[in-house]
There are 2 protein chains.
Amino acid sequence: MATKSRFLLLRLLSELRAHAGWYRSSASTSSQGRVLWRPHLRHLSCSHTLYKSPSPSTGPSSLSFRSHTCGELRSDHVGHTVTLCGWVQYLRNDLFVILRDFSGLTQILIPQEESAGHLKAVLCDLTAESVIKVTGTVRQRPAGQENKGMPTGDIEVLAENVEVFNVSRKLPFEIKDFVKKSESLRMQYRYLDLRSSHMQRNLRLRSELVMRMREFLCNVHGFVDVETPTLFKRTPGGAKEFVVPSREPGRFYSLPQSPQQFKQLLMVAGVDRYFQIARCYRDEGSKPDRQPEFTQVDLEMSFVDQTGIMSIVEGLLQYSWPAEKGPIKVPFRTMTHEEAMRDYGVDKPDTRFSMKLIDLSEVFLSTEVEFLRSALSHPGGCVQAVCVPGGAKLFTGKDLEEVKQTARTQFGQELSLVLVRADGTLKSPLKKLLSVSSTEALLNRTGAKPGDLLLMAAGSLHTVRPLLGSLRLQCADVLESHGVSLREPSVFHFLWVVDFPLFLPKEDEPEQLESAHHPFTAPLPEDTHLLYTEPHKVRGQHYDLVLNGCEIGGGSIRIHRASEQLHVLKNILREDPSLLSHLLEALDSGAPPHGGIALGLDRLVSIMVGASSIRDVIAFPKSFRGHDIMSCAPDLVSEEELKSYHISVRWPTEQGGGGEEGK
Amino acid sequence: MATKSRFLLLRLLSELRAHAGWYRSSASTSSQGRVLWRPHLRHLSCSHTLYKSPSPSTGPSSLSFRSHTCGELRSDHVGHTVTLCGWVQYLRNDLFVILRDFSGLTQILIPQEESAGHLKAVLCDLTAESVIKVTGTVRQRPAGQENKGMPTGDIEVLAENVEVFNVSRKLPFEIKDFVKKSESLRMQYRYLDLRSSHMQRNLRLRSELVMRMREFLCNVHGFVDVETPTLFKRTPGGAKEFVVPSREPGRFYSLPQSPQQFKQLLMVAGVDRYFQIARCYRDEGSKPDRQPEFTQVDLEMSFVDQTGIMSIVEGLLQYSWPAEKGPIKVPFRTMTHEEAMRDYGVDKPDTRFSMKLIDLSEVFLSTEVEFLRSALSHPGGCVQAVCVPGGAKLFTGKDLEEVKQTARTQFGQELSLVLVRADGTLKSPLKKLLSVSSTEALLNRTGAKPGDLLLMAAGSLHTVRPLLGSLRLQCADVLESHGVSLREPSVFHFLWVVDFPLFLPKEDEPEQLESAHHPFTAPLPEDTHLLYTEPHKVRGQHYDLVLNGCEIGGGSIRIHRASEQLHVLKNILREDPSLLSHLLEALDSGAPPHGGIALGLDRLVSIMVGASSIRDVIAFPKSFRGHDIMSCAPDLVSEEELKSYHISVRWPTEQGGGGEEGK
């Protein structure tokens, strides 16, 4: 890229002199006088083309050089003089220029008379993606030449005047929806990638969605939009927080993962209802495909319970949902965490299709099959299955092998496959081991029919559920790859998952508890007394919002009493409560009952528009590895510049050790 | 503070056991069942108090425990059963509880019958700032007991049921508007400070203003709200940018001072109209009273000229201006940079009062007064004055001395004071030196009348103008301290300053030019040719928006041609253009003419509400020195935690040198 830039600069430099005259003359065509105490119609001074069509006072063309956008002219406009601005999509036969802006395309007719020779020459000389202003008259296209696939396809504009704003170089890729570009090229030339109609649509849909959300929260429900700091104190052990050195030696701000503490403090402050479209930061280091900064729809309410928050969110999504995506129904379905794990093996079930987990433990209670009996003999052991309709018919040998491979490599589990043949007989290594009655019970219990595939696993509930939950999704992908329509992209299944456990055993120290979500979540009222006796049994007033199997939000009712919060921090989580003393003090200063939620805006929009990555709904995302490829961030900074922050780089030694400095 | 936190924790711990029973029992009063596939009126499950008043479906009390806010009950509501939630403002005579929420106060009448003994006991036991829910009946206050100063002063609510959500400790200060608190106490207990009615008003007014701005830009004028990254590449020489270490050794992101590059790239991308309420960062190190993060109303438009941007901003402010602050008139007054410097001695004139700079050079062309003649003999030399009406009458000796002191210490200049006595004679050291005709010409030219004060300075134009511009403001302060009303706080004078020079001589290398604003500003069309011949004479298409003498915004039409941008960077500014190669490439790829502006939201709101500091319109501002006093940010981070970022702290040695590591 360095060579490339150098090349570009050299070329530009050589053009500097050559084009100087041309640039000057064309610049003068948009000159404007100094207008002090300017008259009311100031835009009249923006140009002195002979063919001025005034811009409207509102709408997307207000106060602009143009009178209309490239997407809005129709037969009604025939005979009008209009001014359009935009990019040259392409030229056709020296007869037409197709002009594009964010709103669409318009066909410009190049005059062919000899008297318009200069105009014709300018237009025919244009390179693709050059930027022009054209004034002309709207005409009906000759009969038979209409383009029904183009909203402006009934008309064309006969050019009478043109101003060339900028001539485009030959670009690294064409701005056409059907031109495939590599991800890295799209990122490097993001400003070109964003010209595509689908990226324009995504950004505009996102903007409109957020606007509607604000209207609902602010105007309909009295929320206050409050900005909270992003330069904050580091959370103890906050391994995922970026640090920001200050000019005081050794002291760092940190970029918070969410405004959690601030939103709670705002409730203590009596703000009553807070929301913010909040920028959040998470440093996931080497994890691929994570954005280091992302956006949350963050809200918090006082004097409200879980059902109140859930209703606000349902109303919010229903109100802001784009009309073009069809209406959504509220209230959303609700499921307990236990049900989700039992039926789907995950806490964010994709409820667009069934294929639920089926417990077969009873079927095999007295089995003689060794590995099944062994699994059931342990406490918490089980035998479970997923039935894939049509799986026996559709899955190839490779598909089956891949499913088994996932079980082995990702879960360290053996999987038993049972294929039900068209004639109802089974094909399976298990076949010989199962008694007739077991076989019958198996088919009965799973509802497996000829052509279906059963995935069976035995072991501890904590392993078997996630395993089958994951394979259920993998099998859905396989079915769809064979043409079965399981999950309509235009269908949106919202689901609340509730009644999560409040604490979980720590992975490395299972006798110790840690918060399942965060230490501020309140217990279910009926479980509160267990905080003091059996904290591992306490369920929290936490709720996750799931859309099509993706978690798009999570929230909770918070602990609002200092003594309860202190008990959780000190006695249950065994954390040093002095690190959160400001929050404890706040709760002790008249804190109202409160709760809230945060929705992941990037994820929500990406599901809404059917994008494969959240990068497609962010204007300038970081790459897979957290880089801004266009500007080369993150970048090297000189030792000198770091001095004022009292830090220096520890360059890794060749052995990979740290600590030694060098350059 | 450490001792304090420890004390708090000990107290809380001791209360844990004592209150456990009470907490449990009161928690159970707001228990709720698990509701799956919840019924429509879910909020009914939020409480099972006997006296339930349903919350409305929209407005600030929707989906809440309350039926009304504390500010909304009037005589119309008499007889209604209502539920209020809020903070105990104070108790009066064991008869009344005054309950507060964000919207106001309501008087709760404590029942005195013996049968309500328990209720009375609970209410009379409440500490100030405790949080309760009260259900009761709205009653007309007895005749003569109405409080006309209180919007709800005609009614009171007879308590029938109470739930205590939280008991407040004794707070470090009372939540009363007349209670003066130190700035550091306000910052440390920000969540209490925000309970004051004026902070509640400020935050809400800010939220409503921003909402109106969004409506105007998005809904009326077709802008797209686009979020731009805050983890970006460091600008070369960007001494004011915070750095953020990444996990790649030696590589840093940087927190940008504004989305300047991104907004221009969005125009190249064809987004057409962009806006964002953008968080910006500026590390001004030791400068006091700057916020390291602040908020801009940032916008950019394609196919538009300077008058278009100015009109959009005028429309934006007119549309969003709070009704309670009175209407504002558009278009705003416009003044050239040269006029501003000539008449007011600053580029952000406070036009709410006159006292303009008066040039007296002609008066003294043939003077014999040595220091005046000497000043005029130099090229660019001048004699100028400011006439302070009533100054001779009102200014004390101390006032006059302070004005002279400012001239001396801040500008290294001597000032001549001329007081016009009531009888029209002068009192001044100059008096003896001036001829009768000079004296007459001086009074004529300045229009000084008996009782007025003249401040005269002689020297170079570049020193005299800023000197008198600054003293003009100081004298206005003095006049106001003596009761003269010069600048009504409720009057808003907007002013555009235009036609700034595009380049200025560098302070340390005056033969070299630097950008007056930034290198992307386009020249005035009529000055464009001077870029190639006399760049120091070029005026830019830059505009500053000034409100009551404060700069609240600035913007420009940008250079949209790569060759012109390259010429400015390379030949005029002598910067390495390869550092901005991505922008140059973008301009060369079909960039439309475009321009924009950024308004300082914090400053704008603070002037609007008459706050003395922007800290009063930010929910959680940093202190004077950039600290978050409540949470103690920035804070120490362990060497271990810094390892993953490949940095280590350079602790300063006792001699104040850097570089040596230690702990």
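Residues numbered from 1 in each chain as written. Chains lettered and ligands numbered in written order. Predicted model: local features only at pLDDT ≥ 70, side-chain atom pairs only at ≥ 80, totals over all residues. Heavy atoms only, no water.

Colleague: So, the overall build of chain A: which residues are in play, and what are the values?
Modeller: Summing up its helical and strand segments, chain A has 17 helices and 24 strands in all. Across its three principal axes, chain A shows a C-alpha extent of roughly 100 × 70 × 60 Å. For chain A, the proportion of contacts with a sequence separation of at least 24, taken over those separated by at least 6, is 65%. Total accessible area on chain A stands at roughly 26900 Å², and carbon and sulfur atoms take up 53% of it. With 77 positive and 79 negative side-chain charges, chain A shows a spacing of 5 Å between the two charge centroids. (Helix = DSSP H or I, 4+ residues; strand = E, 2+ residues; numbered from the N terminus. Contact = heavy atoms within 4.5 Å. Areas by Shrake-Rupley, 256 points an atom, 1.4 Å probe, with all protein chains shown as cover. Lys, Arg positive; Asp, Glu negative; His and termini not counted. Charge placed at Lys NZ, Arg CZ, Asp CG, Glu CD.)

Colleague: Now, about the environment of glutamate 174 of chain B: what can you tell me, with residues and values included?
Modeller: Residues and elements named next belong to chain B. Tracing the sequence through the fold places glutamate 174 in the loop between strand S5 (155–166) and helix H3 (183–188). Residue glutamate 174 is classed as partly exposed on the basis of its relative accessible area of 44%. Measuring from C-alpha to C-alpha, the distance between glutamate 174 and serine 644 comes to 45 Å, with 470 residues separating the pair along the chain. Among the polar contacts made by the side chain of glutamate 174, one reaches the side chain of lysine 176 at a distance of 3.0 Å. (Buried < 20%, exposed > 50% of the residue type's maximum accessible area, 1.4 Å probe, protein only. Polar contact = N/O pair within 3.5 Å; in protein donor to acceptor, adjacent residues only side chain to side chain.)

Colleague: Give me the sheet that holds strand S16 (residues 453–460) of chain A: which residues, what numbers.
Modeller: All names here are of chain A. If you trace the five strands from one edge of the open sheet to the other, you get S12-S13-S16-S14-S15, paired in antiparallel fashion. Because the sheet does not close on itself, it has two edges, and the strands there are strand S12 (357–359) and strand S15 (426–427). Pairing of strand S13 (residues 381–388) with S16 involves eight bridges; the strand directions are antiparallel. The partner of glycine 381 across the bridge, within S16, is serine 460. In the packing of helix H13 (residues 461–481) onto the sheet, the strands contacted are S12, S13 and S16, and the crossing angle to S16 comes to about 160°. (Pairing = 2+ DSSP bridges. Axes fitted to C-alpha atoms, helices over the stretch in contact; angles between N-to-C directions.)

Colleague: Can you break down the pairing of strand S8 (residues 251–255) of chain B residue by residue, with the values?
Modeller: On any regular strand, side chains alternate: one points to one face of the sheet, the next to the other face. Within S8 of chain B, four of the five residues are buried, which leaves it mostly tucked inside the rest of the structure. The sheet contact formed by strand S23 (residues 635–636) of chain A and S8 of chain B spans two bridges and is antiparallel. Paired with leucine 636 of chain A across the strands is arginine 251 of chain B, a residue of S8 of chain B. With four bridges connecting them, strand S7 (residues 242–245) of chain B and S8 of chain B associate as antiparallel partners. Counterpart to valine 244 of chain B in the pairing with S8 of chain B is tyrosine 253 of chain B. Between S7 of chain B and S8 of chain B, which pair antiparallel and follow one another directly, the connecting turn spans five residues, one of which, glycine 250 of chain B, has a positive phi of 80°.

Colleague: Pulling in residues and values, what's your account of the side chain of histidine 594 of chain B?
Modeller: Residues and elements named next belong to chain B. Counting through the fold element by element, histidine 594 comes out in strand S22 (residues 594–600). For histidine 594, a relative accessible area of 0% gives the class buried. Of note is the side chain of histidine 594, whose polar atom sits 2.8 Å from the backbone oxygen of proline 592. Setting aside its immediate chain neighbours within four residues, histidine 594 contacts Gln264, Met267, Glu300, Met301, Ser302, Ile557, Arg558, Ile559 and His560.

Colleague: Let's hear about the pattern of salt bridges: which residues, and what values?
Modeller: Oppositely charged side chains are able to pair whenever their charged atoms sit close together. Per the counting criterion, the structure on display carries 86 salt bridges over all chains. Between arginine 352 of chain A and aspartate 350 of chain A there is a salt bridge, with its nearest N and O atoms 2.8 Å apart. According to the relative accessible area criterion, aspartate 350 of chain A is buried, its value standing at 5%. As a salt-bridge pair, arginine 279 of chain B and glutamate 293 of chain B come within 2.9 Å of each other at their nearest N and O atoms. Placement of the pair is arginine 279 of chain B in strand S9 (residues 273–281) and glutamate 293 of chain B in strand S10 (residues 293–302), with a sequence separation of 14 residues. With relative accessibility at 18%, the residue arginine 279 of chain B sits in the buried group. Classification of glutamate 293 of chain B as buried rests on a relative accessible area of 8%. (Salt bridge = Lys/Arg side-chain N within 4 Å of Asp/Glu carboxyl O.)

Colleague: Residue-level account of the packing of aromatic side chains, with values.
Modeller: Taken as a whole, this structure holds 26 aromatic pairs over all chains when the rule is applied. Considering the side-chain rings of phenylalanine 242 of chain A and tyrosine 253 of chain B, the 6.2 Å spacing of their centres and the 90° angle between planes classify their relative orientation as edge-to-face. Of this pair, phenylalanine 242 of chain A sits in strand S7 (residues 242–245) while tyrosine 253 of chain B sits in strand S8, placing the two residues on different chains. For the residue pair phenylalanine 242 of chain A and tyrosine 253 of chain B, the accessibility class agrees, reading buried in each case. Ring centres 6.1 Å apart and planes at 85° place the aromatic pair tryptophan 496 of chain A and tyrosine 543 of chain A in the edge-to-face group. One end of the pair, tryptophan 496 of chain A, is in strand S17 (residues 494–498); the other, tyrosine 543 of chain A, is in strand S20 (residues 542–547), and 47 residues separate them in sequence. (Phe/Tyr/Trp six-rings, centres within 6.5 Å; stacked < 30°, edge-to-face > 60°.)

Colleague: Which residues make up helix H6 (residues 260–268) of chain B, and what values go with them?
Modeller: Among the nine residues that make up H6 of chain B, nine are buried, leaving the element largely enclosed by the rest of the structure. In this structure, the buried side of H6 of chain B is in contact with strand S1 (81–92) and helix H4 (190–193) of chain A together with S9, S10, helix H15 (581–587) and S22 of chain B. Once H6 of chain B ends, the next one or two residues include glycine 270 of chain B, with phi positive near 80°.

Colleague: Provide a residue-level description of the relation of the copies chain B and chain A, including the pertinent values.
Modeller: Under the fitted operation, chain B is carried onto chain A by 0.0 Å of movement along the axis and a turn of 180°, and the coordinates agree to an RMSD of 0.1 Å. When the rotation and shift are considered jointly, the pair of chain copies conforms to a two-fold rotation axis. Comparing interface residues between copies, 100% of those in chain B also lie at the interface in chain A; the contact surface is shared. (Least-squares fit on C-alpha atoms with pLDDT ≥ 70 in both.)

Colleague: So what about the sheet that holds S9 of chain B? Which residues, and what values?
Modeller: All names here are of chain B. Strand order in the open sheet made by the eight strands is S6-S9-S10-S22-S21-S20-S17-S11, with mixed pairing throughout. Strands at the two margins of the open sheet, each flanked by one partner only, are strand S6 (224–225) and strand S11 (333–336). In this sheet, S9 lies alongside S6 in parallel orientation, the contact comprising two bridges. Bridge assignment links valine 224 to a residue of S9, and that residue is tyrosine 274. The sheet strands contacting helix H5 (residues 197–220) are S6, S9 and S10, and the helix crosses S9 at an angle near 150°. Most of the contacts of helix H16 (residues 601–609) go to strand S21 (residues 550–557), to which it runs at about 140°, and overall it touches S9, S10, strand S20 (542–547), S21 and S22.

Colleague: Report on the side chain of serine 302 of chain A, specifying residues and quantitative values.
Modeller: Inspection of the secondary structure assignment puts serine 302 of chain A in strand S10 (residues 293–302). Once residues within four sequence positions are removed from consideration, serine 302 of chain A is found in contact with Met267, Asp272, Pro592, Pro593 and His594 of chain A.

Colleague: Run through the domain arrangement of chain A, naming residues and quoting values.
Modeller: Entries for chain A in the domain assignment read domain 1 (49–171), domain 2 (200–336 + 493–617) and domain 3 (353–481). Just the C-alpha atoms count here: the centres of domain 2 of chain A and domain 3 of chain A sit 37 Å apart. (Domains from an automatic or database assignment.)

Colleague: Give me the lowdown on the interface of chain B and chain A, citing residues and values where you can.
Modeller: With 189 residues of chain B at the contact, the number on the chain A side is 191 residues. Counting each side, the surface lost to burial between chain B and chain A is near 16500 Å², with a carbon and sulfur contribution of 58%. Counting across the chain B and chain A interface gives 18 salt bridges. One salt bridge in this structure joins glutamate 227 of chain A and arginine 206 of chain B, with 2.7 Å as the shortest N-O distance. In this assembly, chain B and chain A are joined by 86 residue pairs in polar contact (both at pLDDT 80 or more). Residue classes in the side of chain B that touches chain A are distributed as 92 nonpolar, 52 polar and 45 charged. Sheet analysis places strand S24 (residues 647–649) of chain A next to strand S24 (residues 647–649) of chain B, joined by three bridges and oriented antiparallel. Bridge pairing in S24 of chain B places serine 648 of chain A opposite serine 648 of chain B. (Buried area = accessible area lost by both parts, 1.4 Å probe. Nonpolar A, V, L, I, M, F, W, Y, C, P; charged D, E, K, R; others polar.)

Colleague: Please set out the confidence of the model for chain A residue by residue, giving values where relevant.
Modeller: Residues and elements named next belong to chain A. Across chain A, the average pLDDT comes to 90, with 90% of residues at 70 or higher. Contacts for the low-pLDDT stretch residues 15–51, under 50 throughout, to residues beyond four places or in other chains number 68 contacts. Across residues 656–663, confidence stays below pLDDT 50; counting only partners more than four residues off in sequence or on other chains, it has 14 contacts. (pLDDT = per-residue confidence, 0-100.)

Colleague: Account for a negative patch on the surface, with residues named and values stated.
Modeller: On the surface, a cluster of negative charge is made up of Glu507, Asp508, Glu509, Glu511 and Glu514 of chain A. Inspection of the secondary structure assignment puts glutamate 514 of chain A in strand S19 (residues 513–515). (Patch = residues over 30% accessible without salt bridge, like charges linked within 9 Å, V, L, I, M, F, W, Y side chains within 5 Å.)

Colleague: So what's going on with the nonpolar core? Residues and values would help.
Modeller: Among the nonpolar cores identified, the biggest contains 176 residues, and Phe494 of chain A together with Phe494 of chain B are the most heavily contacted of them. Counting 25 residues, the second largest nonpolar core, distinct from the first, contains Phe395, Val403, Leu417 and Leu419 of chain B. (Core = buried A, V, L, I, M, F, W, Y, C linked by side-chain atoms within 4.5 Å.)

Colleague: Mind laying out the environment of glutamate 514 of chain B, listing which residues take part and the relevant values?
Modeller: All names here are of chain B. You can call glutamate 514 partly exposed: its relative accessible area is 35%. Expressed as a C-alpha distance, the spacing of glutamate 514 and histidine 567, which sit 53 residues apart in the sequence, is 13 Å. If near-sequence neighbours (up to four positions away) are discounted, glutamate 514 is found in contact with Leu502, Phe503, Leu504, Pro505, Lys506, Glu507 and Leu573.

Colleague: So, helix H14 (residues 562–572) of chain A: which residues are in play, and what are the values?
Modeller: Residue and element names in this part refer to chain A. With nine of 11 residues buried, H14 lies mostly within the body of the structure. For H14, every residue scored as buried is listed here: Ala562, Ser563, Glu564, Gln565, Leu566, His567, Val568, Leu569 and Ile572. In the segment just after H14, arginine 574 is the residue with positive phi, at about 55°.

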